[in-house]
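# Structural description and commentary
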Amino acid sequence: MSIIKSLYRDKVGMVMLTLLTLMAVIIPACNQVFPEGHTFHISTFTMTLLGKYLCYALLALSVDLVWGYLGILSLGHGAFFGLGGYAMGMYLMRQIGDRGVYGNPLLPDFMVFLNWQELPWFWHGFNWFAFAMLMVMLAPAALAFIFGWFAFKSRVTGVYLSIITQAMTYALLLAFFRNEMGFGGNNGLTDFKDILGFSLQNDATKAGLFMASAIALILGYISCRYITQSKLGRVCTAIRDQESRVRFLGYRVEHAKLFIFTFSAVLAGIAGALYVPQVGIINPTEFSPLNSIEIVIWVAVGGRATLYGAVAGALVVNYAKSYLTAAFPDAWLFGLGALFILVTLFLPQGISGGITALFKKKEAR
Amino acid sequence: MNTVLQFIITGLLFCLPILSTSVAFGATQSAEFEQGVQLLASKSFTEKEQAIHMIGNSGDPLAIKTLQAVYAGKLFFVKKDKTLVYGEPDGSTYSVTDFISGEDLGLIKKRKLKKITINNKLRGVLKSVLAGLNLQHPDPKQRLAAAEEILTGLNPELITLLKKSLLTEQDPEVREALTSALAVAGLHHQDPQQRLASLALIAGNLNPVVKNAIQALIEKENDPIVLKKAEAALKVIEAKSTWYARLETLFFGLSLGSVLVLAAIGLAITFGVIGVINMAHGELIMLGAYTTYVLQQLMPNYIGLALALSIPAAFCVSGLTGILIEKSVIRFLYGRPLETLLATFGISLVLQQTVRSIFSPLNRSVATPDWMSGSLVINPLLSLTTNRVTIFLFAMIVFAGLFVLLKKSSLGLNVRAVAQNRNMARAMGVKAARVDALTFGLGSGIAGIAGVALSQLTNVGPNLGQAYIIDSFMVVVFGGVGNLWGTLVGGLSLGIANKFLEPWIGAVLAKIIILIFIILFIQKRPQGLFPQKGRAAE
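Reading guide: rules and limits
- Residues numbered from 1 in each chain as written.
- Chains lettered and ligands numbered in written order.
- Predicted model: local features only at pLDDT ≥ 70, side-chain atom pairs only at ≥ 80, totals over all residues.
- Helix = DSSP H or I, 4+ residues; strand = E, 2+ residues; numbered from the N terminus.
- Rg over C-alpha atoms; globule rule 2.2 N^0.38 Å.
- Buried ≥ 20, exposed ≤ 12 C-beta atoms within 10 Å, placed from the backbone.
- Pairing = 2+ DSSP bridges.
- Axes fitted to C-alpha atoms, helices over the stretch in contact; angles between N-to-C directions.
- Contact = placed C-beta atoms within 7 Å.
- Nonpolar A, V, L, I, M, F, W, Y, C, P; charged D, E, K, R; others polar.
- Expected span 1.5 Å × (residues − 1).

## Some thoughts on the overall build of chain A
Along chain A, the regular secondary structure elements total 15 helices and four strands. Here chain A has a C-alpha radius of gyration of 21 Å; the compact-globule value for 365 residues is 21 Å, and the two agree. Dimensions of chain A along its principal axes, counting C-alpha atoms only, are 70 × 55 × 50 Å.

Structure follows, in structure tokens:
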């Protein structure tokens, strides 16, 4: 009941959810029903690209939850995204079976290449989809829980926290680059064949993945919205604004932070898991600090602490990135850099904040 | 074999008086040299051997060069007129020069030349004769090198030579090298007493050849006393070499640490005073490195001067860029550290792309002046590369300078006041905005100087800053914000820890472990090693 109530007051959110639902139905339908060349046909390329954006949007949502509502600027959310992605990648790797280049029924190609004789212990169980999905959520959650447990208990806040989250993802980047880790080194995991028995080359499978991404985003949005509107959400906002006061009032600040941080990590992990089968590869660059900080700028552009702003920001910035990197390859970093500077200087509330302010001005007149 | 050796030894002994006279009288005996050269053309290897000895004993200034050319297989006879020529292969032909006169004879076809061929035995003879000649060389450095060279390939005739040289040698260093070479040879002596004496002579010598010789001795030694002594000697050498290995690791650690201190110290100042993390700090380092590159391009003939000039130049370039950043962006974001972090990150992207557009994304290499290349050899196991020593000293100088500036100057007083309590400082009449800008400029300028130092260690590229920024953060956070001593201790200890971990677990894992250590350390001491004084609580 309270879920519906929390959504009812969120008009922009309702509009966005409706749009997302329509997208989830119409785009796969247009891709599947209409033949190629038809006016209403949407190419598989476009659909996969949009699916990728939807994963990014879910990731941005998870960052907005901790940054917008908890005041924790995480520069390491790419780590959770990457871990989820790797868990999914491991499942897809196991699905290849003996269809790899070396045709080894037991070991993935890169292990054969490294002359490994048996599967490392942490690869066991990944041939079951259910186990892999559990890991998609558990691996990021465990990392976030352990990290948050230490960080929040000893009251590391502000810039310090941002920097050690960055150190965390940097450490993971270095670790996953090592061949000895057993995650494919710098090549990562790739050459996937099928998921749950459906070929990844098939347009229908891609349509299914797109739909799954859209549904995950919708569910993610609803759960975030529910959390922020709940009592816990109120406490979080209070922590963001005056942490010590909340603590003096008797709330266990670190518990609230830990729960939100871990939940956000799970969302990021799911986003990563949906991202990997659509792009067909996962490699350590997902852990690079630059990727993590880019997520933050999506949220900043869209407007923090609105949730729908994060989704919009992720879609807009990534569309711009796809366009600019193709049209003017040199200009993208200039554009991204300028975006960081201009948004923080002139649009501290992001696009959504700017639009809201505009409406308010009109009403006042 | 034995007879051959005997023959050589007798030959050598016979020749020694001639050798000494030849040294004494200079090039008077080039008749013997010419005779030897004539004999080189012979088909018989025995005659060639004779020829080699004759040339060696002639004392002719060309002797060493001739024998080296024979050894390298680059000495030929022109089949037609039997002139001795030096040939460098040039496709199917040889570009040749007359060996005696040095006259260029142009290209000659291979089949018109006859190479002076040698076999393995002759190669050995050549080596000994050459070593003997070099032992007589007027330059003590050459003699030392020859003595050390002999150590690796001892044979009876060389031993005789060594003994002979030892009698006349004056230079103490060369004497020592000769003595240890003889002692290594003495390890094979039949008399155990002699072996013991030899062992005593080379005890503590760190040359790897000595260690091998003692190990070989232990394997086949029958005499218990000698065996015991040899084992003791080996232990001493091994203990010494582990100690020197540790010393070397320490040096590498200090070197890495000094680089980290240089890179982080500017960051520590800006973070300490303004309370913002400057994500563009790495790019300011990169600008300093590119300044060095540009200055070297401008004066390619004065590399050392360009390097010296680039220190102030890089300070100005990076410092002014820093002030520009502060005045145009950071000033508007005070009190919002997380936003500042994002904005400066944007600046770092823009700077990177600017450099990439101007200088191309490829790495540029900056030349190292002569006085900074090479290494400081302390003993055979420990040598310190000069550029790392220089950079370490440089880092310490920069640190000391900054320390004095902050402690003694009025700017330093203002900076510390603002860092400790901004409102109180302003109430006392300190112009906080001006101090902020100057501090930011100072921190950025130091970053530029760090870039000059880094350009001497790595290639200069647009990603140079990125490689150091996270490490710099770690140093600042570990050492404690706004504390110079913290940065120094933090940087050096992280550098040393990194280098001591590396041999155990590899470079990457060492770095990961350090990162994890710092993440855990921050949980225990959120203010770092040296917490900032003043009322920093929220």
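After that view of the structure, there is still more to cover.
## Topic: the overall build of chain B
Summing up its helical and strand segments, chain B has 21 helices and seven strands in all. In terms of C-alpha radius of gyration, chain B reaches 33 Å, well past the compact-globule figure of 24 Å for 538 residues. In terms of principal-axis extent, the alpha carbons of chain B reach across some 95 × 65 × 40 Å. Sorting the 538 residues of chain B into buried and exposed places 43% on the buried side.

## Considering the sheet that holds strand 3 (residues 93-98) of chain B
Residues and elements named next belong to chain B. Strands sit in the order 4-3-2-1-5 across an open sheet of five strands; the sheet is antiparallel. Every interior strand has two partners, whereas the edge strands, strand 4 (104-109) and strand 5 (113-115), have only one. Pairwise comparison of adjacent strand axes, ignoring direction, gives a mean angle of 40° for this sheet. Both strand 1 (residues 75-78) and strand 5 contribute to a ladder of three bridges, which runs antiparallel. Bridging from a neighbouring strand, Val78 pairs with Leu113 of strand 5.

## A short note on the interface of chain A and chain B
Facing 39 residues of chain A, the contacting portion of chain B comprises 35 residues. The leading source of residues in the side of chain A that touches chain B is helix 7 (residues 158-177) of chain A, at 14 residues. Of the residues belonging to the side of chain A that touches chain B, the class tally is 29 nonpolar, seven polar and three charged.

## Considerations on helix 18 (residues 432-455) of chain B
Under the 1.5 Å per step criterion, the end-to-end length of helix 18 of chain B is 34 Å for 24 residues, consistent within 8% with the ideal 34 Å. When you tally the buried positions in helix 18 of chain B, you get 20 out of 24 residues, the bulk of the element.

## Quick look at the packing of helix 4 (residues 77-96) of chain A against helix 7 of chain A
Residue and element names in this part refer to chain A. In contact at an axis separation of 8 Å, helix 4 and helix 7 are set at 40° when each is read in the N-to-C sense. Contacts between helix 4 and helix 7 pair Gly78, Ala79 and Gly82 from the former with Met168, Thr169 and Leu172 from the latter. Among the residues forming the contact of helix 4 with helix 7, the class breakdown is three nonpolar, three polar and no charged.

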